[in-house]
Each structure stands twice: as structure tokens, then as C-alpha cells.
Amino acid sequence: MTAWLFRPRAHDLCSSVTFCMSCGFTLSLQECLQVADSLGWSPLWQSFSPPPLHAMADPGLYRPPPAVRGMTVLDREAFTQMIHVPALRVPTTVLNKVVKSLKKIALQRPGIKRVVDDGQPVGGSGQHRLLLLDPHCVASAESFGHEETAALTAFGVSPELHRYELQLTYENLKSEEVLRAVLPEGQDVTSGFSRVGHIAHMNLRDHQLPYKSLIGQVIMDKNPGVTCVVNKTNTIDSTYRNFQMEVLAGESNMVAKVRENGVLYEFDFSRVYWNPRLSTEHERVVSLLRCGDIVLDVFAGVGPFAIPAARRGCVVLANDLNPEAHRWLQHNARLNKVDAAITTFNLDGREFLRGPARERLPGLMRGPGAVHVVMNLPALALDFLDTFRGLLGPEPDQGLSCEATMPQVHCYGFSKEDDPQQDMVQRAEASLGVSLQGRCSVHMVRNVAPNKEMMCVNFRMPREVLYTISNSEEPSPKRQRCEETE
Ligand SMILES: C[S@@+](CC[C@H](N)C(=O)[O-])C[C@H]1O[C@@H](n2cnc3c(N)ncnc32)[C@H](O)[C@@H]1O
């Protein structure tokens, strides 16, 4: 066939022509006619109507009409267009089997039926339906692969392709397709968001802001269950790690109900920290806990470590500086019926460690359960480790404390270094004032941004940190025996 439908005047127009020698075809036939008309080009290929089936293979076929470009107030009707798709005429007697055999090449669009009436009068036993095919897979009868050809032969279906005129509406488009058609060409169309209950949380770029209401509306339309779309308006450097946010579409109810790892949480998303991307990490830490263990959650938020830990049979001391997070933490403890197992505090992390934690630690460490300290405030938690220096004063058992009773620490941090593991260990060591070589492990939690990792360093709190130990003290044989039995 002709290599191009409309001859481009220059290569830089290649995005405006149907067939470009170097880039392949980029516009739907309908769009192409409009573009050509506006540019005063005349078609080289005159036999346009009706278009042969191979012309239906245009990958821009589902692209909405060019008129929607630049739209800032969503007009759903403006996305409606007629397109042509290939179809097979299939006897109803074998329809189900043919649909199954051809499912890889059948039309798949949201809200579009792929089997339609053939519009022909029904005659005798020869009742037929049209099976609509994906024009990107099927351009002509030669497009069928061996399997499909064999299936058609076996079921007595003619491979002759029919042309079906289909109305494509806003409902049949994916959010990405809608936004790509509306936002300026060549600019990034990110329709990604975090889902927090009924809230879709976006982080729009500057060039997307003029379209923010439309983007919000599209995200809400295309994601069942989302009834509120918000955009982050600040970076997350507030003390309480919550976002300033603006409602782009839908209701302004910020109280979300979320299920994470089977546990239900409720909280005001605009006033507390919640990150759905931490569910795996929450689960990982909780899986390390055993019934009867003690958990000190220094930066507890609304409870994603504390509540499941209590549900697992642990005794939990959970603290958060944000009064709102503390309130929802208490609420979630009641909601999950574990309030008897969780004691909550609304203190600065250092105050919590120096006060309630210090008071209870000696008794807890003598008990049967292991003590875990969770410190998830990645921007600052490593600095808080210095609070443990000499926290419990002189060692009561004069060097006989069993290492196995020392608290197990899970401390989070961000790292932008080439070797984030080493960076984490070095910063923890600097804060604790001791070496952790050979007695810690580090793992990557998630990639937060290009070149920024969230990490977790895990170690048993060294005795010489928690207690003020005189330099002359030698490790006692008794303590060594204790370590061996761990
Ligand atoms: C990153 S969030 C973690 C929340 C929860 N642990 C989680 O995994 O989702 C850190 C929490 O620390 C709290 N926070 C910030 N500064 C604090 C401080 N100095 N003392 C205690 N809590 C603090 C914030 O309010 C926030 O809820």
C-alpha cells in the first residue's frame, strides 16, 4: 500500500500525519482527515471510503477527537466518535467456542460488548452474530494466526472480515487515554495516584495544574469507589508527616476507612500520616513478633505496627507526637478491640523513651517476651537513637545481663548515598556511639524517589549503650553462656 496517506511537509510534522516514513502512523483516519483539511493537504490515496480493513490497524484508532485537546472543564460528550472495527460473522451455534478461541484478538474496551447483532434478517437456522475484533491485532484476513485460522476452519466460520461502525464514548476510554488527549501534546500524562479508602491522592506536576479539576474528575469517573480526589500541595516535611491537600473533585470528606493486612483503620487523612506503600513493611515487622512480646512503637502514627502487634498477642506501648494521630490510634485500638493491650502516649519520641519507656523497660526486659522498639520516622529516627545512651543507668546485674534480653530495634531512615546500607549503619553507629559491625542487618524498604531509598536497620541494642558501664568491666563467663543459649 501507499507508504503515507498524506505527505508530510517536514519531518517535524510527523506527529500530525497518519503515516510517517520514520515514525509509523500516529493518528486515526478521522483525525488525519481533520488535520489534513486544516493544513490544506489533499489525500494521495483517494479510495478512502469505505476504508479497507488494513487501514483499521491504525494504533491511534481509539484516540479521542482532537477537539478535546486543551479542555479544562470535562465535557464527556466531546469524546464521542464513530470508529470502524473489523468483525467476524459467526453462527450463534458455535459463538461461545469461537469467542473463546479468538479471545486474544477480540475487541476489549471498557463498556463495549464484543458480540453484537449482525443487523441481518434472521433466516432459517442460519442465525449469526458479529464478533468484534481488535483492529490493532487484525488488519485483514491474513492477520489470523495458525491457531485462530484452525479454529475458524473447525467451526465453519468464514474468515471474511466485516466492517462494523462502533460508537466510542468517554465511558469506553481509559483515564490515561482521556488525559493524553486533553493535556498538551508531548507532556507527561501521569494519572497515577495512591488510594487511601475512598480518597485518590495525586501529586500533580506544574504543567498539569491548569487541568487539575478535569484530572480529578476523570480519576473519579474511572475508578469505582473513589469519591474524592486530592492533590498534595506541599512536600512532606511537616513535623507530623501529613500533607497539605486540595480537593480536586468529589466530596471533601477526609475520614478514610482502610484495610491493611486484614486490619481496619480509620483516620482523617488530611491530619495524620498514612502511606499505603508501607503495608509490606508493616507486615514484615509484625511477622517477626511472637505472642507475649513487647512492642515500643516510638512514632506509631494511627497504629499500623501497634494494632496488628496487639492482635498478635503482644503488649504494646505506642506513642505519637501528633495529637490527631494519637486520637486515631486510640480509636483504631478500640475499633480492633485491642485497646486493653495497647497503652498510648502523646509525647515527643525522646520524652517517651526517657519517661514511660525507661520506667517500664527493666521490668519488661526481665519478662518472658522479647522487647522490640519500632522507630518509623525515616527523616529523623536515626538521630533519636542517641536517647538510648545510658538510658537505664548503671547495669543492675553488674555485667550479668543477658544480651538476648536487650531490645531488638527496627529503625528507619532515608538514604541518598551510593551505598545506603553502609550509610545507615554509619549513622546509627554515630548516634549510638558504638560500632554495630557484625551485629546489625539492613534492608531496603522502598525506593522513595530517584536516588532516595527508605531503609531499615535492625539490631539488638548493645548493652554498653543502654547501660552506663564502667570501662574496667570485662565480659563475664556467665554472660557468654547466656549468649550461647540464644
Ligand atoms: C512516618 S510516620 C510513621 C507512622 C506509622 N508508624 C507508620 O508506619 O505508618 C511518623 C510519625 O511520627 C510522628 N512524629 C513526628 N515527629 C515526632 C516526634 N518528635 N516524636 C514522636 N512522634 C513524632 C508523626 O506524627 C508521624 O505519625
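Residues numbered from 1 in each chain as written. Predicted model: local features only at pLDDT ≥ 70, side-chain atom pairs only at ≥ 80, totals over all residues. Heavy atoms only, no water.

Trainee: Can you break down the sheet that holds strand β6 (residues 161–168) residue by residue, with the values?
Mentor: Pairing within the open sheet is antiparallel, and its four strands lie in the order β4-β5-β3-β6. Each edge of the sheet is formed by a strand with only one pairing partner; in this case those strands are β4 (115–117) and β6. For this sheet, the mean inter-axis angle between neighbouring strands, taken without regard to orientation, is 45 degrees. As judged from the eight bridges shared by strand β3 (residues 81–91) and β6, these two strands associate in the antiparallel manner. What sits directly across from L88, in β6, is L161. (Pairing = 2+ DSSP bridges. Helix = DSSP H or I, 4+ residues; strand = E, 2+ residues; numbered from the N terminus. Axes fitted to C-alpha atoms, helices over the stretch in contact; angles between N-to-C directions.)

Trainee: Which residues make up the side chain of D320, and what are the values?
Mentor: Structurally, the position occupied by D320 is in the loop between β14 (315–319) and α8 (323–335). The buried charged residue D320 lacks any salt bridge, with R241 as its nearest oppositely charged partner at 9.6 Å. A distance of 2.7 Å separates a polar side-chain atom of D320 from the backbone nitrogen of G301. Separated by 2.9 Å, the side chain of D320 and the backbone nitrogen of N322 make a polar contact. Ignoring any residue separated from it by four or fewer positions in sequence, one finds D320 in contact with V298, F299, A300, G301, A325, H326, F345, N346 and L347. (Buried < 20%, exposed > 50% of the residue type's maximum accessible area, 1.4 Å probe, protein only. Lys, Arg positive; Asp, Glu negative; His and termini not counted. Salt bridge = Lys/Arg side-chain N within 4 Å of Asp/Glu carboxyl O. Polar contact = N/O pair within 3.5 Å; in protein donor to acceptor, adjacent residues only side chain to side chain. Contact = heavy atoms within 4.5 Å.)

Trainee: I'd like to hear about the UniProt feature "binding site: S-adenosyl-L-methionine" (unreviewed entry) in the protein chain, residue by residue, with values.
Mentor: Under the present numbering, the feature "binding site: S-adenosyl-L-methionine" (unreviewed entry) in UniProt falls on H282, D320, L321, D348, G349 and N376. If you trace the backbone, H282 turns up in helix α6 (residues 279–287). Note on H282: relative accessible area 4%, which makes it buried. Contact partners of H282, with chain neighbours within four places excluded, come to E260, N261, P304 and F305. A distance of 2.7 Å separates polar atoms of two side chains, one belonging to H282 and the other to E260. You can see L321 is positioned in the loop between β14 and α8. Residues within four places of L321 in sequence aside, it is in contact with T239, Y240, N346, L347 and D348. (UniProt positions renumbered as here; feature names shortened; annotations may be inferred.)

Trainee: Run through the pattern of salt bridges, naming residues and quoting values.
Mentor: Enumeration according to the criterion identifies 16 salt bridges in this entry. Between E176 and R180 there is a salt bridge whose closest N-O contact spans 3.1 Å. Of this pair, E176 and R180 both sit in helix α4 (residues 175–182), four residues apart, which is roughly one turn of the helix. Across the pair K257 and E266 runs a salt bridge, and its minimum N-O distance is 3.1 Å. When salt bridges with common partners are traced through the structure, they connect R271, E324 and R327 into a single cluster.

Trainee: Just give me the short version of the sheet that holds strand β16 (residues 371–375), but keep the residues and values in it.
Mentor: Pairing in this open sheet of seven strands is mixed, and the strands run β15-β14-β13-β16-β17-β19-β18 from one edge to the other. Strand pairing shows two members of the sheet lacking a second neighbour, β15 (342–345) and β18 (440–449), which therefore form its edges. In this sheet, neighbouring strand axes are inclined to one another by 15 degrees on average, regardless of whether the strands run parallel or antiparallel. Taken together, the four bridges between β14 and β15 define a ladder with parallel strand orientation. Bridging from a neighbouring strand, N319 pairs with F345 of β15.

Trainee: So what about the site of the ligand? Which residues, and what values?
Mentor: As a structural note, the neighbourhood of the ligand is formed by 22 residues, with H282, F299, D320, G349 and N376 the closest of them. Within the contact set of the ligand, an oxygen atom lies 2.8 Å away from a side-chain nitrogen or oxygen of H282. The contact in question runs from an oxygen atom of the ligand to an N or O atom on the side chain of D320, over 2.6 Å. When the ligand sits alone it has 600 Å² of accessible area, and the protein chains cover 97% of it. Of the residues that constitute the shell around the ligand, the class distribution is 12 nonpolar, seven polar and three charged. A domain-level breakdown of the shell around the ligand finds at least three residues from each of domain 2 (190–253) and domain 3 (287–484). (Near = heavy atom within 4 Å. Areas by Shrake-Rupley, 256 points an atom, 1.4 Å probe, with all protein chains shown as cover. Nonpolar A, V, L, I, M, F, W, Y, C, P; charged D, E, K, R; others polar. Domains from an automatic or database assignment.)

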